[in-house]
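Geometric and topological summary
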Amino acid sequence: EAGVTQSPTHLIKTRGQQATLRCSPISGHTSVYWYQQALGLGLQFLLWYDEGEERNRGNFPPRFSGRQFPNYSSELNVNALELEDSALYLCASSLMNTGELFFGEGSRLTVL
Amino acid sequence: DAKTTQPTSMDCAEGRAANLPCNHSTISGNEYVYWYRQIHSQGPQYIIHGLKNNETNEMASLIITEDRKSSTLILPHATLRDTAVYYCIVRVRKTSYDKVIFGPGTSLSVIP
């Protein structure tokens, strides 16, 4: 069974540009979570989607946004990129009524 | 904020048991204890979870105190590949829109 897949693996952008990151959950999983992990730091909760709806949001500015599609895949958009947005962006999926999160390998975003 | 506290770092000799403590003194009756680990630059990996009773799987054992205010993750025979950051989190297992917050975790170094 395929795990959580994220694309792209690496992405390089310049300040002010927009970045789009994609996540495909495990088949049958309806919840998708996004986390930001800056170098050497912990996982910071970004967004949580379930059944196409945004269910909860972390303490990030509105330029961090996303959506979940009918097939439960998800997209994270970061507008007006800043240098400090450089980080590993991790996606996880789960069944809504369980607690186990299954993570992808992440997308590393570098902002120059 | 994370609902758990863990030591920042620990060392363990290869082949010995690694005992990683976690304090969750404000845990609610319907919250489960989950453990994950993150090997350098990879996505976090689910290890084990429990509610009240001790749990064991092929990776580890989880010991939860009777008052549920703390728990210990046990890796019975640590190997070098167990060197990672270990995260302890608590959350409701059934439908809930709570954020899944990871604390800084414990950095475990397994020493040859």
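The shown structure was predicted, so the numbers you read here are calculated from the model rather than taken from an experiment.

Let's talk about the packing of aromatic side chains
All names here are of chain A. Summed over all chains, the structure comprises 12 aromatic pairs over all chains. Pairing Tyr35 with Phe45 gives two aromatic rings, centres 5.8 Å apart and planes at 70°, and the pair type is edge-to-face. Here Tyr35, found in strand S4 (residues 31-37), pairs with Phe45, found in strand S5 (residues 44-50); they are 10 residues apart in sequence, far enough to count as distant. The exposure class assigned to Phe45 is buried, which follows from its relative accessible area of 5%.

Considerations on the interface of chain B and chain A
Residue-level contacts link 21 residues of chain B with 23 residues of chain A. Summed over both partners, the interface of chain B with chain A buries about 1900 Å², with 53% contributed by carbon and sulfur atoms. Seen at the junction of chain B and chain A, the total is 0 salt bridges. Elements that contribute at least two residues to the side of chain B that touches chain A include exactly strand S3 (31-38), strand S4 (45-50) and strand S8 (84-92) of chain B. Looking at which element gives the most residues to the side of chain B that touches chain A, the answer is S3(B), with 3 residues. Considering only residue class, the side of chain B that touches chain A consists of 9 nonpolar, 7 polar and 5 charged.

Let's talk about the state of the cysteines
Inspection of every chain in the model, using the stated rule, returns 2 disulfides over all chains. Residue pairing for Cys23(A): its cysteine sulfur links by disulfide to Cys91(A), the two sulfurs lying 1.8 Å apart. In this structure the cystine formed by Cys23(A) and Cys91(A) twists about its S-S bond by roughly -60°; its chirality is therefore left-handed. Taken as a pair, Cys23(A) in strand S3 (residues 19-24) and Cys91(A) in strand S9 (residues 87-94) lie far apart in primary sequence, 68 residues in all. For the residue pair Cys23(A) and Cys91(A), the accessibility class agrees, reading buried in each case. A disulfide bridge connects Cys22(B) with Cys88(B), and the sulfur atoms are separated by 2.1 Å. On the sign convention where negative means left-handed, the S-S torsion of about -80° between Cys22(B) and Cys88(B) marks this disulfide as left-handed. Here Cys22(B), found in strand S2 (residues 18-23), pairs with Cys88(B), found in strand S8; they are 66 residues apart in sequence, far enough to count as distant.

Re the sheet that holds strand S8 (residues 74-78) of chain A
Residues and elements named next belong to chain A. Strand order in the open sheet made by the 4 strands is S1-S3-S8-S7, with antiparallel pairing throughout. Two strands bound the open sheet, and with one partner strand each, they are strand S1 (5-7) and strand S7 (64-68). Taken pair by pair, the neighbouring strands of this sheet meet at an average axis angle of 15°, ignoring direction.

A few points about the sheet that holds strand S1 (residues 9-13) of chain B
Residue and element names in this part refer to chain B. Here 5 strands make up an open sheet; going across it, the order is S1-S9-S8-S3-S4 and the pairing mixed. A single partner strand is all that each edge strand has here, and the edge strands are S1 and S4. When the angles between neighbouring strand axes are averaged without regard to direction, this sheet yields 25°. When S3 meets S8, the two strands line up antiparallel, connected through 8 bridges. Among the inter-strand pairings, Tyr34 is bridged to a residue of S8, identified as Ile89.

Description of the side chain of Arg91(B)
If you trace the backbone, Arg91(B) turns up in strand S8. We classify Arg91(B) as buried; its relative accessible area is 2%. A distance of 3.5 Å separates a polar atom in the side chain of Arg91(B) from a polar atom in the side chain of Tyr33(A).

What about unusual backbone geometry?
Residue and element names in this part refer to chain A. For the peptide bond that leads from Ser7 to Pro8, omega is -10°, which places it in the cis range. Counting through the fold element by element, Pro8 comes out in the loop between S1 and strand S2 (10-13). The backbone of Tyr72 sits at a positive phi, close to 75°, despite the residue not being glycine. Summarising the element assignment, Tyr72 is placed in the loop between S7 and S8. Its relative accessible area of 25% is what places Tyr72 among the partly exposed residues.

What counts as what
- Residues numbered from 1 in each chain as written.
- Chains lettered and ligands numbered in written order.
- Predicted model: local features only at pLDDT ≥ 70, side-chain atom pairs only at ≥ 80, totals over all residues.
- Heavy atoms only, no water.
- Phe/Tyr/Trp six-rings, centres within 6.5 Å; stacked < 30°, edge-to-face > 60°.
- Helix = DSSP H or I, 4+ residues; strand = E, 2+ residues; numbered from the N terminus.
- Buried < 20%, exposed > 50% of the residue type's maximum accessible area, 1.4 Å probe, protein only.
- Contact = heavy atoms within 4.5 Å.
- Buried area = accessible area lost by both parts, 1.4 Å probe.
- Salt bridge = Lys/Arg side-chain N within 4 Å of Asp/Glu carboxyl O.
- Nonpolar A, V, L, I, M, F, W, Y, C, P; charged D, E, K, R; others polar.
- Disulfide = S-S within 2.5 Å.
- Pairing = 2+ DSSP bridges.
- Axes fitted to C-alpha atoms, helices over the stretch in contact; angles between N-to-C directions.
- Polar contact = N/O pair within 3.5 Å; in protein donor to acceptor, adjacent residues only side chain to side chain.

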